[in-house]
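# Observations on chain architecture
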Amino acid sequence: ELIVFLNKSKKIIIKSSICPHFGGEIIYDSKKDVLKCLWHNWEFSSSTGKCISYPIKGILNPYDFEVDPNPLKSYEAFNQENKIYAIKK
């Protein structure tokens, strides 16, 4: 499960949404710019995923991504003998 959010610098960040402490759901607190576990309120760095509330070794897993969508395919349409045809450009 993932959490996707914009940090204070408007950068898209993707992290695991599962708390390594006890498996609670992670949310992004934009006012504090931290990730927080809904179960026990543990806080994690929004950039590194490291727990900043308690000295634990677990971190939230980061996920790399790339925003590079393929363009929509274009078609040329024409009507022949009351039938519509589309040809890929």
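Residues numbered from 1 in each chain as written. Predicted model: local features only at pLDDT ≥ 70, side-chain atom pairs only at ≥ 80, totals over all residues. Heavy atoms only, no water.

Before going further, it helps to examine the packing of aromatic side chains. How two aromatic rings sit relative to each other is set out by the distance from centre to centre and by the angle between their planes. In the structure shown here, the tally under the stated rule is two aromatic pairs. With 4.2 Å between their ring centres and 20 degrees between their planes, Phe5 and Tyr28 make a pair best called stacked. Of this pair, Phe5 sits in strand E1 (residues 2-6) while Tyr28 sits in strand E3 (residues 26-29), and the two are 23 residues apart along the sequence. Residues Phe5 and Tyr28 agree in their burial class; the two are buried. (Phe/Tyr/Trp six-rings, centres within 6.5 Å; stacked < 30°, edge-to-face > 60°. Helix = DSSP H or I, 4+ residues; strand = E, 2+ residues; numbered from the N terminus. Buried < 20%, exposed > 50% of the residue type's maximum accessible area, 1.4 Å probe, protein only.)

This part is about the pairing of strand E4 (residues 34-37). Burial along E4 is two-sided: the residues Val34 and Lys36 and Leu35 and Cys37 are all buried. As judged from the four bridges shared by E3 and E4, these two strands associate in the antiparallel manner. Looking at the pairing, Tyr28 lines up with Leu35 of E4. The antiparallel pairing of E3 with E4 creates a hairpin that spans four residues between the two strands, and Asp33 there sits at a positive phi of about 55 degrees. As paired strands, E4 and strand E5 (residues 43-45) are joined by three bridges and run antiparallel to one another. Among the inter-strand pairings, Leu35 is bridged to a residue of E5, identified as Phe44. (Pairing = 2+ DSSP bridges.)

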